[in-house]
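Close look at the chain arrangement
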Amino acid sequence: MDQNGEKRVRAKQSDGEVDWLRDLPESLLCHVLLNLPTKDVVKTSVLSSKWRYLWRLVPGLDLDCRDFTDHNTFVSFIDRFMSFHSDSCLRKCKLRFYCNLNGDEVTEKAHMARWINAFVKRKLQYLDLAWGAVEIPPILYMCDSLVSLKLCGVILPKLEFVTLPRVKVMVLDLVKFANDLSLEMLISGCLVLESLTLSRRSNDNVKVLRVRSQSLLSFNYNGSSYKGLHDDPVVSIDAPKLEDLKLSHHLSACFITNKLSSLVEADINIEFNFGLGKKFDPNDQSKREMIRNFLAGISSVKNLFIAPCTLEVIYDYSRCEPLPLFCNLSYLSVDFYNHRWELLPIFLESCPNLKSLVVGSTTSPKKRTSILCGPRYLLSSLEYVKIESPLKGDAMEMRLVSYLLGNSPILKKVTVYWDDSSRKEAEYELLTIQKRSSSCQIFVF
């Protein structure tokens, strides 16, 4: 404590002590505090008289209901904060409410409407809201200042008009929508949207998900793990500038992709609702056409990650029709069920310019009656291979290694992870495999 009775944060310098923090301009201090949870920002009020009310000037709110003794205190604090400098701009707001609602639905809706109106009035730029099943008023979807919108657990009402001209990032997590059109309007109403993440809940009232955007660069989709009222949801993607695509859902029966010619990376974990005992029917022309169009839609991708369930659908489909060429594909990471690596050559035939291959394995939840071994296709562009699943040296594993070494004329490096119990035998057996590339190095871990 100094003579003024204030606590100070000091920094040591060669010529003595300097109170550098106290001398910082108020605007810079507020910018620093903007990146802290509000509960920690409020604690700074005890540092000195200058800091006593500084927390009120920070243009951001970051609250978690679990930091409050009860719901009413939580609501009162938000109202009190919003009353400070109500004419000033609010840069960002993050609210987390995980507790059971104490008030009735009408009261909660009134709270939300009051706050959303205040956010829009104060030109909010970043909103991150996780709440209970409360409806978000339509005025939010006409906010011309929003840059980032993240919603979790809330209800999207029926919308008549959406204009979010500055939103570049949108995350919708377990949101319930009024209907298909409400979600479609929300996405298309973000005129400069670049990143969209959608994690769905069951019974979210969306039968057909349409993602239409001329600006979208990244789309991350996670479907619900539980069947809802709609047994066969449809996902349609029309985003010509899309560069990064991640799809994860086993229950969606139909994925429609317009030609994604700008696609750089795709992570595909879907099985077109063939799980739970359903089998691929080669006589189902509509399903075959859908799979054909989906594969053609992503065929421009450069880096591809394929889940084992997706690979099995591709394999079944390839027994009926040829796969499209993935001419731009340079990097492929693929997992298999129970080391079923016989599926690999079928897909590699369609990757004429592949340079790097990463192979893994996982446990299969279902049995396959028969898998045919693919042809010995020359991997003329392959340079790097990594087998991530620890090998034990059984016949099928060695067939994979032999296939890769014997059919890759410019292969430079192979990395293999081996089970400790058979490491010595593995190293000897690897030396006996004929390599097509004389410069190939093998690393065993």
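Everything numeric in this text was worked out from a predicted model, so none of it was measured.

1. What to know about the packing of aromatic side chains
Tallied over the entire structure, the rule returns 16 aromatic pairs. Between the aromatic rings of tryptophan 55 and phenylalanine 77, the centroid separation amounts to 5.9 Å while the plane-to-plane angle is 20 degrees, which identifies the pairing as stacked. Taken together, the residues span a long stretch of sequence, with tryptophan 55 in the loop between helix 2 (38–43) and strand 3 (60–64) and phenylalanine 77 in helix 3 (residues 71–83) at a distance of 22 residues. Note on phenylalanine 77: relative accessible area 16%, which makes it buried. Geometrically, the ring pair formed by tryptophan 55 and phenylalanine 84 is edge-to-face, given 5.6 Å between the ring centres and 85 degrees between the ring planes.

2. Observations concerning helix 5 (residues 180–188)
Inspection of helix 5 places Ser182, Leu183, Glu184, Met185, Leu186 and Ile187 among the buried residues, and these make up the whole buried set. Taken together, the buried residues of helix 5 touch strand 7 (155–156), strand 8 (169–173), strand 9 (176–177), strand 10 (195–199) and strand 11 (208–212).

3. Concerning the pattern of salt bridges
Overall, the coordinates contain 14 salt bridges when judged by the stated rule. A salt bridge links arginine 96 to aspartate 128; its shortest N-O distance comes to 2.7 Å. Of the two residues, arginine 96 is situated in strand 4 (residues 92–96) and aspartate 128 in strand 5 (residues 126–130); the sequence distance between them amounts to 32 residues. Classification of aspartate 128 as buried rests on a relative accessible area of 17%. In the salt-bridge network here, residues are joined through shared partners; they are Glu184, Arg210 and Arg212.

4. Side note on the environment of glutamate 26
Tracing the backbone shows glutamate 26 in helix 1 (residues 26–33). It is 9.7 Å that separates the C-alpha atoms of glutamate 26 and valine 58, two residues lying 32 residues apart in sequence. Each residue touching glutamate 26, except ones within four places of it in the same chain, is listed here: Leu54 and Leu57.

5. Some remarks on the packing of helix 6 (residues 285–297) against helix 7 (residues 308–318)
The description of two packed helices rests on the angle between their axes and on the distance between the axes. It is the contact of helix 6 with helix 7, at a shortest axis distance of 11 Å, that shows an interaxial angle of 115 degrees. Helix-helix and strand crossings are classified by hand; for helix 6 and helix 7 the assignment is left-handed. For the pair helix 6 and helix 7, the contacting residues are Arg288, Ile291, Arg292 and Leu295 in the first and Val313, Ile314 and Tyr317 in the second.

6. Focus on the confidence of the model for the protein
Mean pLDDT over the protein stands at 85; residues scoring 70 or higher make up 87%. Throughout residues 1–14 the model reports pLDDT below 50, and contacts reaching past four residues in sequence, or to other chains, amount to 26 contacts. Long-range and interchain partners of residues 367–372, a stretch whose pLDDT sits below 50, account for 13 contacts in this model, where long-range means more than four residues apart.

7. Focus: the sheet that holds strand 15 (residues 254–257)
The strand order across the open sheet formed by three strands is 11-13-15, and the pairing between neighbours is parallel. Looking at which strands have only one partner, the edges of the open sheet turn out to be strand 11 and strand 15. Ignoring which end each strand starts from, the neighbouring axes of this sheet average 10 degrees apart. Two strands pair when backbone bridges link them, and strand 13 (residues 234–238) and strand 15 are joined in this way by four bridges, in the parallel orientation. Residue pairing for strand 15: valine 235 is matched across the bridge by phenylalanine 255.

8. Quick word on the packing of helix 3 against helix 4 (residues 105–121)
Taken N-terminus to C-terminus, the directions of helix 3 and helix 4 make an angle of 20 degrees; their axes are 11 Å apart at the nearest point. As the angle between them shows, helix 3 and helix 4 are arranged roughly parallel. The two elements helix 3 and helix 4 cross, and the hand of that crossing is left-handed. The segment helix 3 lies against helix 4, with His71, Val75, Ile78, Asp79 and Met82 engaging Glu108, His111, Arg114, Trp115, Ala118 and Phe119.

So, how was this worked out
Residues numbered from 1 in each chain as written. Predicted model: local features only at pLDDT ≥ 70, side-chain atom pairs only at ≥ 80, totals over all residues. Heavy atoms only, no water. Phe/Tyr/Trp six-rings, centres within 6.5 Å; stacked < 30°, edge-to-face > 60°. Helix = DSSP H or I, 4+ residues; strand = E, 2+ residues; numbered from the N terminus. Buried < 20%, exposed > 50% of the residue type's maximum accessible area, 1.4 Å probe, protein only. Contact = heavy atoms within 4.5 Å. Salt bridge = Lys/Arg side-chain N within 4 Å of Asp/Glu carboxyl O. Axes fitted to C-alpha atoms, helices over the stretch in contact; angles between N-to-C directions. Left-handed = near helix turned anticlockwise from the far one by under 90°. pLDDT = per-residue confidence, 0-100. Pairing = 2+ DSSP bridges. Parallel < 35°, antiparallel > 145°, perpendicular 65-115°, else oblique.

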